[in-house]
Amino acid sequence: MLLLVDAGNTRIKWALVDRSAPEQTPGKWLQQGSVAHADASTLVDAWRGFSIGRVMLSNVAGHELRGELERAVLRTLGTKPVALEWFASVAELGGVRNRYLNPAQLGADRFAAAIGAHALFPDGPLVVATCGTATTVDALSADGEFIGGMILPGLGLMASSLARNTAQLPQVALQSSLTQPFADNTDAAIVSGCLAAQAGAIERAVAAQMRTYPNLPIPCILAGGAADLIAPHLSIDYTRVDNLVLIGLHTVAIQHSPTC
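Rules behind the numbers
- Residues numbered from 1 in each chain as written.
- Predicted model: local features only at pLDDT ≥ 70, side-chain atom pairs only at ≥ 80, totals over all residues.
- Heavy atoms only, no water.
- Pairing = 2+ DSSP bridges.
- Helix = DSSP H or I, 4+ residues; strand = E, 2+ residues; numbered from the N terminus.
- Axes fitted to C-alpha atoms, helices over the stretch in contact; angles between N-to-C directions.
- Contact = heavy atoms within 4.5 Å.
- Buried < 20%, exposed > 50% of the residue type's maximum accessible area, 1.4 Å probe, protein only.
- Polar contact = N/O pair within 3.5 Å; in protein donor to acceptor, adjacent residues only side chain to side chain.

Give me the lowdown on the sheet that holds strand β3 (residues 31-36), citing residues and values where you can.
Across the sheet, 5 strands lie side by side as β3-β2-β1-β4-β5; this open sheet has mixed pairing. In this open sheet, the two edge strands, each paired with only one partner strand, are β3 and β5 (84-86). Each adjacent strand pair in this sheet contributes to an overall mean axis angle of 20°, direction not counted. In terms of strand pairing, strand β1 (residues 2-7) meets strand β4 (residues 54-59) through 6 bridges, oriented parallel. Considered in β4, the bridge of L4 is made with M56. Against the sheet, helix α2 (residues 63-77) touches β1, β2 (11-17), β4 and β5, its axis set at about 155° to β5.

What follows is the structure, given as structure tokens:
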């Protein structure tokens, strides 16, 4: 079995792949799951009983969580000698060329998501919007170059920052049922403004790609926990895809055998 792990800013997602299958397609898994950071220790129970022979992990949540993941994997494997492969951004991998000035500075989750999106949509330019704790909106060229992107506060973070840093604005419950951009009460106005900012960044990215590739369609891939809240407010077509980082890790695992 191949174990894939995506440790994001809020949750840990994982998937198990049957490596004995004659053909593997990125995103086709035997089993998958997700837990909050605080529940990382429960992963051992989820993985116990599977014959895991390879492990690939992406972690953007810091050294402490990395240590917890290492302990969880090692407890699962017992004495079985399996190396942990920590995914990191490099100049080229998984069919994507990384054009960041310093390729290693690109977040591992963003690079893995770009690889996953390119694997699913390999024939043209893309916009990849991942809407989580932070919202990232990244662009890929028609020939698989990661051009660069935008990072902005995620929908929840944007709303909570208004409540925290202003004297008279409340903490609001985010919901996507708004139908008018101009709200007639403060709670709805906060939600409307945050949704408009998120949708506007995504639409601006797609518009920029359309100027670069005027004769090509620009698929917009929408991922992340807040994607379903933002999606109804987009005025462009999009494709909703879950677990893009895991799909990217799976793509790399298929293309590259472990080095040891």
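Lay out the environment of D143 in plain terms, naming residues and giving numbers.
Tracing the chain through its elements places D143 in the loop between β9 (134-140) and β10 (145-153). With a relative accessible area of 48%, D143 lands in the partly exposed category. Here the alpha-carbon distance between D143 and G124, two residues 19 residues apart in the chain, equals 6.7 Å. A distance of 2.5 Å separates a polar atom in the side chain of D143 from a polar atom in the side chain of S141.

Function cannot be read off these values alone, since they describe shape.
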